[in-house]
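# Fold and contact review
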Amino acid sequence: MMKIYPIVKYGDPVLETEAQPVTAFDDELKKLVADMFESMYAAKGVGLAAPQIGISLQLAVIDTTFKEDPKARLVLANPQIVRMEGRQQGEEGCLSIPEFREKVVRPKRVTVRAQDENGEWYEKTGEDLLARAFLHETDHLHGKLYISYVSALKRDLMKRKIRKLQRSGEW
Ligand SMILES: [Zn+2]
């Protein structure tokens with residue numbers, strides 16, 4: 001039985017907390033990974049980090065093809081960014097900050113070193129959207145959100161709008 005987790009929204013402290021390393025690569029972890037993919041697809045996302053479902057673990061899933069290519073499904077346990085090159089500018093959003101998108105400058109080509117759901121270490125290099133996803137999801141595991149890269153002025157504006165939505169019970 002798959003479990004679709006609700007997505008934790010901005011304002012919940014779990015999103016701004018350093019997550020714990022994954023140490024047990026057991027059946028429970030494999031079930032969590034499968035549920036995270038389903039939860040990500042249900043939320044129409046291409047990346048999801050465990051803190052976004054309220055679980056403070058260094059674990060994220062990515063599928064930038066959104067189900068098109070099964071080989072594009074990536075599990076990142078204990079990921080580390082090991083190389084970054086170039087520069088890209090593009091709009092970025094986050095399932096935990098719905099309805100908002102902002103321009104964020106990121107490196108264009110990024111190599112991540114991570115463990116899969118079996119605990120096997122691997123390295124993978126991604127460009128453009130995949131590079132952005134590696135950085136965005138790895139940031140989540142260290143309690144960092146993409147809004148920390150937008151200007152203070154824009155960030156304050158976003159926070160004001162979010163507070164308004166919180167007050168009216170729409171967040
Ligand atoms: Zn996010």
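Further up the page is the structure itself.
Structural notes, computed from the coordinates. Every chain's residues receive numbers from 1 upward, in the order its sequence appears when written. Owing to the predicted nature of the model, reporting of local features is limited to residues with pLDDT of at least 70; listing and counting of side-chain atom pairs is limited to 80 or more, with chain, interface and lining totals taken over all residues. Each side-chain value is derived from all of the structure's non-hydrogen atoms; neither hydrogens nor water enter the calculation.

## Quick notes on the coordination of the zinc ion
- Sites may look incomplete, because water is not among the atoms used; the donor set itself consists of N, O and S atoms within 2.8 Å of the metal (3.2 Å for Na, K and Ca). Summarising the metal site, the zinc ion is bound by the protein donors Cys94 (SG), His136 (NE2) and His140 (NE2), whose distances to it range over 2.0 to 2.3 Å.
- Along the chain, the residues donating to the zinc ion are arranged with the sequence spacing C-x41-H-x3-H. Of the two residues, histidine 136 and histidine 140 both sit in helix α2 (residues 129-141), four residues apart, roughly one turn of that helix. By the burial criterion, histidine 136 is buried, and histidine 140 matches it. By the criteria applied, helices consist of DSSP H or I runs no shorter than four residues and strands consist of E runs no shorter than two, each listed in order from the N terminus. Working definition: with a 1.4 Å probe on protein chains only, accessible area under 20% of the residue-type maximum means buried, over 50% means exposed, and in between means partly exposed.

## What about the pattern of salt bridges?
- Think of a salt bridge as a Lys or Arg side-chain nitrogen and an Asp or Glu carboxyl oxygen that are within 4 Å of each other. Counting across every chain of the model gives 10 salt bridges.
- With its nearest N and O atoms 3.3 Å apart, the salt bridge here joins glutamate 85 to arginine 109. Of this pair, glutamate 85 sits in strand β3 (residues 74-85) while arginine 109 sits in strand β6 (residues 109-115); the two residues are 24 residues apart in sequence, bridging distant segments of the chain.
- The residue lysine 154 makes a salt bridge to glutamate 102 at a minimum N-O spacing of 3.8 Å. Residue lysine 154 is located in helix α3 (residues 152-167), and its partner glutamate 102 is located in strand β5 (residues 102-106); the two are separated by 52 residues in the primary sequence.
- On the basis of relative accessibility, which here comes to 42%, the residue lysine 154 falls in the partly exposed class.
- Members of the salt-bridge network, linked through shared partners, are Glu92, Arg106, Arg132 and Asp139.

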